[in-house]
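Listed here are the chains, written in short residue letters.
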Amino acid sequence: MVKRILSIAFCVLVLLFIYSPILLLVVYSFTDSTVIGQWKGFSFSLYADLFKSAEIMGILFNTIWLALAAATLSTILGTAGAIGIFYSRKRISAPIKAASQIPIINAEIVTAIALALLFSMTALYRTYFSLIIGHMVLCTPFVVLSVMPKLKQMDPNVYEAALDLGATPSKALFKVVIPQIFSGIMAGFMLSITLSLDDYIITAFTKPKTFDTISTYVYNAVKNGTNSSTPALRALSALIFVVMIAAVLIINLRAKKTKEDRK
């Protein structure tokens, strides 16, 4: 009994340590104060300022389309890579799998500088192409990491059985393999969106000079001392947090329901 209480208390402390700064941000998004820690009464003024600011709305649009584009392309590439690794021979799949995990272990600043040096040798430096490729390099390994466990849970003979029953390779892939690993694909897609939304280093090294995301905008605002619009970003951060939590809950509930229906 004591061991169970201690384990629960430890989990609660860990969750508080992780989420208390975010919850504090959410709380202070409901007060009209330029500094977190000064409560000036309950107010929705920051949310009103957020939607009235054309600059912030433009930056939000930039951030969202970049995250969706990078996540979509990374999910396609990562899923194809994971399937290729899974169905390849061990002596081929092992080194490819190890190589796909290097960007995860590698320091992000090293990846950003390497990409900047690579693209600086071409006409694609600081273009939307270099930006998208940079985010794909960041996100794709995490998609592979999310899809591989689902492939390992799947019976490897299912694909061959579909071929024996007359299905074409593409039909067997989309009708048999993809549905069984769909939850892993969606997990990789959501993780890619989160990574892209959060990224600053790779974005700063690869983006066009006239393009900003939330992370680069906040950094430049704080660096240059232009803090007049940054309080409204508390409201934006709170909305992003709520939307991501809702999306994760919906995906998990749908996956649970699908699993129960299959039983």
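Note that the structure is predicted; figures quoted are calculated from it, not measured. Every chain's residues receive numbers from 1 upward, in the order its sequence appears when written. Thresholds applied to this predicted model are a pLDDT of at least 70 for local features of residues and 80 or more for the giving and counting of side-chain atom pairs; totals over whole chains, interfaces and linings are not thresholded and use all residues. With hydrogens and water stripped out, all remaining heavy atoms of the structure feed into the side-chain values.

Turning our attention to the overall build of the chain. Going along the chain from the N terminus, every DSSP run of H or I of four or more residues is numbered as a helix, and every run of E of two or more is numbered as a strand. Within the chain, the secondary structure is distributed over 13 helices and zero strands. Beginning at the N terminus, the succession of helices and strands in the chain can be written as α-α-α-α-α-α-α-α-α-α-α-α-α. With the C-alpha coordinates of the chain rotated into their principal frame, the extents come out at 70 × 65 × 35 Å. Here the term buried applies to any residue with accessible area under 20% of the maximum for its type, exposed to any over 50%, and partly exposed to those in between, with areas from a 1.4 Å probe on protein chains only. Taking all 263 residues of the chain together, the buried fraction comes to 35%. Contacts were defined at the residue level, with two residues in contact if any of their heavy atoms lie within 4.5 Å. Contacts in the chain between residues at least 24 apart in sequence constitute 72% of all its contacts with a sequence separation of at least 6. Where accessible areas are quoted, they stem from the Shrake-Rupley method and a 1.4 Å probe; at the residue level, only the protein chains shown are allowed to cover. Accessible surface, the chain as shown: approximately 16,000 Å² in total, 70% of it carbon and sulfur. As used throughout, the charge tally considers Lys and Arg to be positive and Asp and Glu to be negative, leaving His and the chain termini uncounted. In this description, the location of a charge corresponds to atom NZ of lysine, CZ of arginine, CG of aspartate or CD of glutamate. Placing the 23 positive and 12 negative side-chain charges of the chain at their respective mean positions leaves the two points 6 Å apart.

All right, on to the packing of aromatic side chains then. The geometry of an aromatic ring pair comes down to the distance between the two centres and the angle between the two planes. Side-chain rings of Phe, Tyr and Trp, where Trp is taken by its six-membered ring, are said to pair if the distance between their centres is within 6.5 Å; with planes under 30 degrees apart they count as stacked, over 60 as edge-to-face, and otherwise as tilted. Enumeration over the complete set of coordinates arrives at 14 aromatic pairs. Pairwise contacts between aromatic rings join Phe30, Phe42, Phe44 and Tyr47 into one cluster.

Glancing now at the confidence of the model for the chain. On a range of 0 to 100, pLDDT expresses the predictor's confidence in each residue. Taken over all residues, the pLDDT of the chain has a mean of 85, while the share at 70 or more is 96%. Mean pLDDT across the elements of the chain bottoms out in helix α13 (residues 230-262) (78) and peaks in helix α11 (residues 201-206) (93).

Glancing now at the packing of helix α3 (residues 54-87) against helix α7 (residues 128-153). An axis is simply a line fitted to the C-alpha atoms; with a helix, the fit covers only the stretch in contact. Between two such axes, the angle follows the N-to-C directions and lies from 0 to 180 degrees. Contact geometry of α3 with α7 gives a least axis separation of 6 Å together with a crossing angle of 45°. When the interaxial angle is binned, α3 and α7 end up oblique. When you trace α3 past α7, the crossing you get is right-handed. The scheme is simple: roughly parallel for angles under 35 degrees, roughly antiparallel for over 145, roughly perpendicular for 65 to 115, oblique for anything else. Here a crossing is called left-handed whenever its near helix is offset anticlockwise from the far helix by less than a right angle, and right-handed whenever the offset is clockwise.

Here we come to a nonpolar patch on the surface. There is a patch of nonpolar side chains on the surface, built from Phe10, Val14, Leu15, Phe17, Ile18, Tyr19 and Leu23 and spanning about 720 Å² of accessible area. Here Phe17 lies in helix α1 (residues 2-27). Patches draw on residues past 30% relative accessible area with no salt bridge. Two like charges within 9 Å are joined, as are two nonpolar side chains (Val, Leu, Ile, Met, Phe, Trp, Tyr) within 5 Å. One side-chain nitrogen of Lys or Arg within 4 Å of one carboxyl oxygen of Asp or Glu is enough to make a salt bridge.

Counting residues in each nonpolar core, the largest one holds 18 residues, and the members touching the most others are Ala82, Ile83, Val147, Met148, Leu151, Val177 and Ile181. The set of elements that each furnish at least two residues to this core consists of α3, α7, α8 (158-164) and α9 (169-180). With five residues, α7 is the single largest residue contributor to this core. What is meant by a nonpolar core is a set of buried Ala, Val, Leu, Ile, Met, Phe, Trp, Tyr and Cys residues, joined one to another through side-chain atoms within 4.5 Å. Grouped together as the second largest cluster of nonpolar side chains are 14 residues, Ile56, Tyr217, Ala232 and Leu236 included.

Turning our eyes to something else, we now look at unusual backbone geometry. You will see that Arg126, though not glycine, has its phi angle at about 55°, which is positive. Position of Arg126 among the secondary structure elements: in the loop between α6 (108-120) and α7. Here Arg126 falls in the partly exposed class, since its relative accessible area comes to 26%.

For the chain, the assigned domains are domain 1 (53-226) and domain 2 (231-263). Boundary definitions for the domains trace back to an automatic or database domain assignment. Each of domain 1 and domain 2 has a C-alpha centre, and the two are 20 Å apart. Contacts between domain 1 and domain 2 engage 13 residues on the former and nine residues on the latter. In short, buried area is how much 1.4 Å probe accessible area vanishes from two parts on joining, totalled over both. Between domain 1 and domain 2 lies a buried interface of about 830 Å² when both sides are counted; carbon and sulfur atoms form 89% of it. Of all residues in domain 1, Ile56, Met190 and Ile214 give up the largest surface area on contact with domain 2, accounting jointly for 45% of the area buried on that side.

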